[in-house]
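A look at the structure
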Amino acid sequence: MMNKCIITKLLCVIFTFACLSLPVQATAWSQLTGEQLEQQLTEKFAEGNYSKKGADSCLMCHKKNPTVMAIFDGVHGNSSQVNSPMAGLQCEACHGPLGKHNKAGKEPMITFGKESKLPAQTQNSVCLGCHNNPEQMAWHSSSHNLDQVACSDCHSIHTDKDPVMDPLTVNDSCTSCHSQQKSAINKRSSHPLKWDRMTCVDCHNPHGSLSESALNHNTINDTCYSCHSEKRGPVLWEHAPVTENCANCHNPHGSVNEAMLTYRAPQLCQQCHMDDGHASRVVQQGGTDAFGGGKSCLNCHSQIHGSNHPAGSKLQR
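The structure displayed is predicted, hence computed values, not measured ones. Here the residue index of a chain counts from 1 through its sequence in written order. It should be noted that, the model being predicted, local features are given only for residues of pLDDT at least 70 and side-chain atom pairs only at 80 or more, the latter also being counted only at that level, while totals for whole chains, interfaces and linings use all residues. Side-chain calculation: all heavy atoms of the structure are included, whereas hydrogens and water are not.

**A few points about the overall build of the protein**
Put simply, the test is: Put simply, DSSP marks the helices as runs of H or I at least four residues long and the strands as runs of E at least two long, and each gets a number from the N terminus on. Residue burial is assigned from relative accessible area. The probe radius is 1.4 Å, only protein chains are included, and a residue is buried under 20% of its type maximum, exposed over 50%, and partly exposed in between. Residue contacts are defined here by distance: any two heavy atoms, one from each residue, within 4.5 Å place the two residues in contact. Method for areas: the Shrake-Rupley scheme with a 1.4 Å probe, in which residue coverage is limited to the protein chains shown.
Along its length, the protein carries 12 helices and zero strands. Beginning at the N terminus, the succession of helices and strands in the protein can be written as α-α-α-α-α-α-α-α-α-α-α-α. Relative to its 317 residues, the protein shows a buried fraction of 27%. Within the protein, counting contacts between residues at least 6 apart in sequence, those at least 24 apart form 50% of the total. Only carbon and sulfur atoms are counted for the fraction: they give 56% of the accessible area of the protein, which is about 21600 Å².

What follows is the structure in C-alpha cells.
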C-alpha cells in the first residue's frame, strides 16, 4: 500500500514538470487587451512577413464577406491607380503583414472601427501614412484627434462612395455626433444645411485647421465673408461688434430668431447699449412705439452692419 502511494506521488510530480516544460500557448486574439494587441502587431511589423500572393491570400477566407469585397468598388481597391493600396501591398498595406494569420497561429491583424481594440491614434497612423497632404497638416492638434476620434469613425473605406465625401450625406455624418448643432440647423432661422444645399465642411475642416473652431478661413468673419461679401467693408462708419465677430449677434448654426440672431431686438442691442438714454428704455407694451414695434432699434438704425453715408455715424442711413 505504501509503495502504491509513493508511485502515485511520483507520477504527479513527473506530470507537473512535464506540463511546465511545455511551450506556453499564445493568448487567443479575441482575448488580448488593447496594449497586448498593439505590442504583438508592433512585433509583426518589425518582422515584416508579408504574403507573396497579396490579396489572394486574404480572399481565400474573406471573399464570401460582401463588406470585404466592396473594397474593389472604391478607389482604395483600384490597382490601376499608383497611390492606391491595391497597387502596392494590397490588403496588407492597411491591415499589416499577414505573418501566420492564415495559419494555426492566427496572429492578429490591424482592425478598424468601433469594435477594434486598438486606440484611435494607432488606427489613424495607418491612414496618415498615405493621407499626409496639407489638408491634414493640423490633424494632430485638432479637436477630433484630441477626442480620440478614429478616421474610420467617419470614413468608410470598403465602399464605392464614402458618405462623408458626398455633399448629400456629409451633414448626416457630422450631426450623428454633433447633436447640438443638429438641433440648431432645424430651427426656424438657419443656413440651408437641413436641405443639403450647404454642408458643414463648407465652413469647417474636420481634419483641423490653424484657426478657431477648425474653420476653413483665418477668422469667423472671413468665413462668413466668403459668402456674405456685401458685409465685408470697409465702410466709413463701422459697428464695433460687427467688425469684431459676426457671432456676437448671429448663431451660424441656427436660431429661433429672425436672421439667426442670438437675441431679439431690443434685447440684443442692449447687450452692449446699456443706460445711455432711449436705447435702454423699458417698453411695457410691445408695438406701442418705435422702440418696441416692428424691428425695434432697427426701425431707425437700419444700417447695422455699417454705413458709408456722410451722416451715418448713428447707422441710420
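**A short note on the side chain of Asn145**
Residue position: Asn145 is located in helix α7 (residues 143-146). Accessibility expressed as a relative area gives 15% for Asn145, which makes it buried. Apart from residues lying up to four places away in sequence, Asn145 is in contact with Asn124, Trp139 and His140.

**Structural notes on the state of the cysteines**
The line we're drawing: Defined by distance alone, a disulfide is two cysteine sulfur atoms within 2.5 Å.
Scanning the model with the defined rule gives zero disulfides in all. Cysteine Cys200 shares no disulfide, and the gap to the nearest cysteine sulfur, in Cys174, comes to 4.0 Å. Here Cys269 stays unpaired: no disulfide links it, and the sulfur of Cys297, its closest cysteine neighbor, is 3.6 Å away. Overall, Cys269 belongs to the buried group, its relative accessible area being 18%.

**A look at unusual backbone geometry**
The residue after Gly233, namely Pro234, is reached through a cis peptide bond having omega 5°. The linkage connecting Ala265 with the following residue, Pro266, adopts the cis geometry, with an omega of 5°. With respect to the secondary-structure elements, Pro266 resides in the segment after α12 (240-244).

**Some remarks on helix α3 (residues 55-62)**
Considered for burial, the residues of α3 that qualify are Ala55, Ser57, Cys58 and Leu59. Check the buried side of α3 and you find it contacts α4 (66-69).

**A few points about the environment of Trp139**
Worth spelling out the cut-off: Throughout this description, a polar contact denotes any pair of N or O atoms lying within 3.5 Å of each other; where both atoms belong to protein, one of them has to be capable of donating a hydrogen while the other can accept it, and for residues adjacent in sequence the pair is counted only when both atoms sit in side chains.
Considering the arrangement of structural elements, one finds Trp139 in the loop between α6 (120-128) and α7. On the accessibility criterion, Trp139 (6% relative accessible area) is buried. For the pair formed by Trp139 and Leu128, sequence separation is 11 residues and the distance between their alpha carbons is 9.5 Å. Setting aside anything within four residues of it in sequence, one finds Trp139 in contact with Asn124, Leu128, His144, Asn145, Val149, Pro206 and His207. One polar contact links Trp139 to Asn145, side chain to side chain, over a distance of 3.4 Å.

**Examining a nonpolar patch on the surface**
Applied cut-off: Candidates for patches are residues over 30% relative accessible area with no salt bridge; among them, like charges are joined within 9 Å and nonpolar side chains (Val, Leu, Ile, Met, Phe, Trp, Tyr) within 5 Å. Salt-bridge detection follows one rule: a side-chain nitrogen of Lys or Arg within 4 Å of a carboxyl oxygen of Asp or Glu.
The grouping of Phe45, Tyr50 and Leu89 at the surface amounts to a nonpolar patch, some 260 Å² of accessible area in total. Within the fold, Leu89 resides in the loop between α4 and α5 (92-95). Assessed through its relative accessible area of 42%, Leu89 is described here as partly exposed.

**Focus on the pattern of salt bridges**
Enumeration over the complete set of coordinates arrives at three salt bridges. Lys44 is paired through a salt bridge with Glu107; the nearest N and O atoms lie 3.8 Å apart. Placement of the pair is Lys44 in helix α2 (residues 34-47) and Glu107 in the loop between α5 and α6, with a sequence separation of 63 residues. On the basis of relative accessibility, which here comes to 6%, the residue Lys44 falls in the buried class.

**Notes on α2**
What counts, and what does not: The span expected for a helix works out to 1.5 Å for each residue beyond the first.
With 14 residues, α2 should cover 20 Å at 1.5 Å per step; its first-to-last C-alpha distance of 20 Å lies within 8% of that length. Gly48 lies just past α2 and shows a positive phi near 65°.

**Some words on the confidence of the model for the protein**
Caution is warranted with low-pLDDT regions, since their predicted coordinates should not be read in detail. What counts here: For every residue, the pLDDT score states the predictor's confidence, bounded by 0 at the bottom and 100 at the top.
Averaged over all residues, the pLDDT of the protein is 85; the fraction at 70 or higher stands at 84%. Of the regions scoring below 50 in pLDDT, residues 13-26 engages in zero contacts with residues more than four places distant in sequence or in other chains.

**Overview of the environment of Leu315**
Relative to the helices and strands, Leu315 is located in the segment after α12. We classify Leu315 as buried; its relative accessible area is 8%. For the pair Leu315 and Gln303, spaced 12 residues apart in sequence, the C-alpha to C-alpha distance is 4.9 Å. In this structure, Leu315 is in contact with Trp237, His239, Cys300, His301, Ser302, Gln303, Ile304, Gly306 and Ser307, ignoring residues within four places of it in sequence.

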